[in-house]
Amino acid sequence: MAVTKCWISLAAILMLAVAVQGKAWASDPTGDWLTEDGDAVIRIANCEEALCGTIAWVKKPGTDRNNPDPAKRDADIVGIQILMGMKHVSDNKWEGEVYNAKNGKNYLAYLTLVKPDVLRIEGCVLGGLFCGGEDWVRQSEPLPVAQDQN
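Everything numeric in this text was worked out from a predicted model, so none of it was measured.

(A) Looking closely at the sheet that holds strand β4 (residues 81–90). Read around the barrel, eight strands follow the order β1-β2-β3-β4-β5-β6-β7-β8 and close on themselves; strand pairing throughout is antiparallel. Neighbour-to-neighbour, the strand axes of this sheet turn through a mean angle of 35°, independent of strand direction.

Written out as C-alpha cells, the structure reads:
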C-alpha cells in the first residue's frame, strides 16, 4: 500500500513538472518562424515594451513595391518590419499590427503560441470582425540562401 502511494505521488510530481515546463515555453514566441507556404522566415524579437517581427529571409528576392510611401518602394523586402507593437494580452497571445507587403496595408493582428514550435498569426479587418491566418513553424536550422529571381 505504501509503495502504491509513493508511485502515485511520484506520478503527480512528474505531471506537475511537465505542466510547469509547458508554461515555460508558452511565454516566448521570440525567434525565427517559417511561414506556412515556406516562402519567408520572420524573426520575432523584443522591441521596447512589445514584440516586433522582421522579414529575415525570403525564397525569392524582391522589394517593398506596394509600400504606401513611394520612397520605400525600392527597399529590399528582407529587413522590413511586418509585426509591430505586439503586446502580451493573455496566456500565449499577443495583439498588435501586421504589415502586408503584398498590398502595403496594416491590419489588426494576433499571435498565438499554439505549441513551442507552432505560432498562429491572424490578420483582421473591421476591428476583428473578419480574420484570416496561418500557422508558422519555428525555424531551428540556419536560414537557407535566397534564390535568384531569374
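There's more to say after this.
(B) Focus on the state of the cysteines. Per the counting criterion, the structure on display carries two disulfides. Cys47 shares a disulfide with Cys52; S-S distance 1.7 Å. One disulfide bridge connects Cys124 with Cys131, the sulfur atoms lying 2.0 Å from each other. Its S-S torsion of approximately 110° makes the covalent link between Cys124 and Cys131 right-handed. Assessed through its relative accessible area of 3%, Cys124 is described here as buried. When the cysteines engaged in disulfides are numbered in sequence order, the protein chain pairs them as 1-2, 3-4.

(C) Inspection of the pattern of salt bridges at higher detail. On inspection of all chains with the given rule, the structure shows three salt bridges. The salt bridge partner of Lys59 is Asp39, with a shortest N-O separation of 3.8 Å. Linking Lys59 in the loop between β3 (50–58) and β4 with Asp39 in the loop between β1 (31–34) and β2 (40–47), this pair joins segments that are 20 residues apart in sequence. The exposure class assigned to Lys59 is partly exposed, which follows from its relative accessible area of 31%. When its relative accessible area of 35% is taken as the criterion, Asp39 is described as partly exposed.

(D) Geometry of the pairing of β3. Of all nine residues that make up β3, eight are buried, and the element is covered over most of its length. Across eight bridges, β2 lies against β3 in antiparallel orientation. When the bridges of β3 are listed, Ile44 appears paired with Gly53. Hairpin connection between β2 and β3: a loop of two residues separates the two successive antiparallel strands, and Glu48 in this loop has a positive phi of roughly 55°. Summarising the sheet, β3 and β4 pair through three bridges and their orientation is antiparallel.

(E) Just a nonpolar patch on the surface, in detail. On the surface, a cluster of nonpolar side chains totalling about 430 Å² of accessible area is made up of Val125, Leu126, Leu129 and Phe130. In this fold, Phe130 is placed in strand β8 (residues 130–138).

(F) Focus on the environment of Arg65. As for its placement among the helices and strands, Arg65 is situated in the loop between β3 and β4. Taking relative accessible area as the criterion, Arg65 reaches 58% and is therefore assigned exposed.

About the cut-offs
Residues numbered from 1 in each chain as written. Predicted model: local features only at pLDDT ≥ 70, side-chain atom pairs only at ≥ 80, totals over all residues. Heavy atoms only, no water. Pairing = 2+ DSSP bridges. Helix = DSSP H or I, 4+ residues; strand = E, 2+ residues; numbered from the N terminus. Axes fitted to C-alpha atoms, helices over the stretch in contact; angles between N-to-C directions. Disulfide = S-S within 2.5 Å. Buried < 20%, exposed > 50% of the residue type's maximum accessible area, 1.4 Å probe, protein only. Salt bridge = Lys/Arg side-chain N within 4 Å of Asp/Glu carboxyl O. Patch = residues over 30% accessible without salt bridge, like charges linked within 9 Å, V, L, I, M, F, W, Y side chains within 5 Å. Areas by Shrake-Rupley, 256 points an atom, 1.4 Å probe, with all protein chains shown as cover.

Nothing here speaks to function; it is all geometry.
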